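# Summary of structural features
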Amino acid sequence: MVQQAISYLVNQPGATGTAQALVRVDNALAAKDQDGVDVATVQQAKMDLKAGNVDAARPLLQDSISAATAALKPATGEETGTKTVVPPFQGTVSLSGMDWVLLILSMLAAVGGAVLVYLLRPKENLRALTGDILAARARLANESDAPSSGREDNVR
């Protein structure tokens, strides 16, 4: 029950999870078999939950069952510790008519995109553009280093 309370606090944050956790904590306190559970810590966690202090209650709940969980040997191999068996996933054998339509449309979109990329690419490649920029910078640097002609109308 304490583990279920912790699960509600983790997986359903908010008032709903806190209310469900309080129900599980009450059930754990009322249970006849409380071996491995620190009842005083669970009661403190219950008071924190009632006060709305979930962040303080969760570690207390975890500490209250730490002795019981430490005594458990870890699961190995196919021993998962649960009796729940999930049925195997059954895939579909063939595609329906709508599946085929969507598949063909997506393939046409991919081919159309590739054609547009080829047709709308720039005429110059990146290396040529970089060369043009470097050449323009070099011309500007040479113009600024050249002596002025002595005319005053070249003021910038």
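Above this note sits the structure.
Residues numbered from 1 in each chain as written. Predicted model: local features only at pLDDT ≥ 70, side-chain atom pairs only at ≥ 80, totals over all residues. Heavy atoms only, no water.

## Overview of the overall build of the chain
- When helices and strands are tallied, the chain shows 7 helices and 0 strands.
- In the chain, the succession of α and β elements from N to C terminus is α-α-α-α-α-α-α.
- Burial analysis of the chain (156 residues in total) assigns 13% to the buried set.
- Look at the contacts in the chain between residues 6 or more apart in sequence, and 49% of them connect residues 24 or more apart.
- Carbon together with sulfur atoms contributes 60% to the accessible area of the chain, which is approximately 12700 Å² in total. (Helix = DSSP H or I, 4+ residues; strand = E, 2+ residues; numbered from the N terminus. Buried < 20%, exposed > 50% of the residue type's maximum accessible area, 1.4 Å probe, protein only. Contact = heavy atoms within 4.5 Å. Areas by Shrake-Rupley, 256 points an atom, 1.4 Å probe, with all protein chains shown as cover.)

## Things to note about helix H4 (residues 54-64)
- Listed in full, the buried residues belonging to H4 are Ala57, Leu61 and Ser64. All buried residues of H4 lie within an arc of 60° about the axis, which places them on one face of the element. In this structure, H4 carries Asp55 and Asp63 as exposed residues pointing more than 90 degrees from its buried face.
- The inward-facing, buried residues of H4 abut helix H1 (2-11), helix H2 (15-30), helix H3 (39-50) and helix H5 (66-71). (Arc of directions from axis to C-beta.)

## Focus on the pattern of salt bridges
- Across all of its chains, the model carries 1 salt bridge by this definition.
- Notably, a salt bridge pairs Asp26 with Lys46, separated by 2.7 Å at the nearest N-O pair. Of this pair, Asp26 sits in helix H2 while Lys46 sits in helix H3, and the two are 20 residues apart along the sequence. (Salt bridge = Lys/Arg side-chain N within 4 Å of Asp/Glu carboxyl O.)

## Description of H3
- The first and last C-alpha atoms of H3 sit 16 Å apart over 12 residues, in line with the 16 Å expected at 1.5 Å per residue.
- Burial in H3 covers these residues: Thr41, Val42, Ala45, Asp48 and Leu49. Seen from one end, H3 has its buried residues packed into an arc of 115°, which puts them on one side. Exposed residues on H3 whose side chains face more than 90 degrees from its buried face are Ala40, Met47 and Lys50.
- Taken together, the buried residues of H3 touch H1, H2 and H4.
- Immediately downstream of H3, the backbone of Gly52 shows phi near 85°, a positive value. (Expected span 1.5 Å × (residues − 1).)

## Points about the environment of Thr41
- Relative to the assigned elements, Thr41 resides in helix H3.
- For Thr41, a relative accessible area of 14% gives the class buried.
- Once the C-alpha coordinates of Thr41 and Asp63 are considered, the two residues, 22 residues apart in sequence, prove to be 7.6 Å apart.
- Other than its neighbours up to four places away in sequence, Thr41 contacts Leu60 and Ser64.
- At 2.5 Å, the side chain of Thr41 and the side chain of Asp38 are in polar contact. (Polar contact = N/O pair within 3.5 Å; in protein donor to acceptor, adjacent residues only side chain to side chain.)

## Regarding the packing of H2 against H3
- Where H2 meets H3, the axes come as close as 10 Å, and the angle between the chain directions of the two elements is 155°. Taken as axis vectors, H2 and H3 run roughly antiparallel relative to one another. For the pair H2 and H3, the crossing hand works out as left-handed. Contacts from Thr18, Ala21, Leu22, Val25, Asp26 and Leu29 of H2 reach H3 at Val39, Val42, Gln43, Lys46, Leu49 and Lys50.
- Residues of the contact of H2 with H3, tallied by class, amount to 7 nonpolar, 2 polar and 3 charged. (Axes fitted to C-alpha atoms, helices over the stretch in contact; angles between N-to-C directions. Parallel < 35°, antiparallel > 145°, perpendicular 65-115°, else oblique. Left-handed = near helix turned anticlockwise from the far one by under 90°. Nonpolar A, V, L, I, M, F, W, Y, C, P; charged D, E, K, R; others polar.)

## Thoughts on the side chain of Arg24
- Tracing the sequence through the fold places Arg24 in helix H2.
- Despite its burial, Arg24 remains without a salt bridge, the nearest opposite charge being carried by Asp26 at 9.5 Å. (Lys, Arg positive; Asp, Glu negative; His and termini not counted.)

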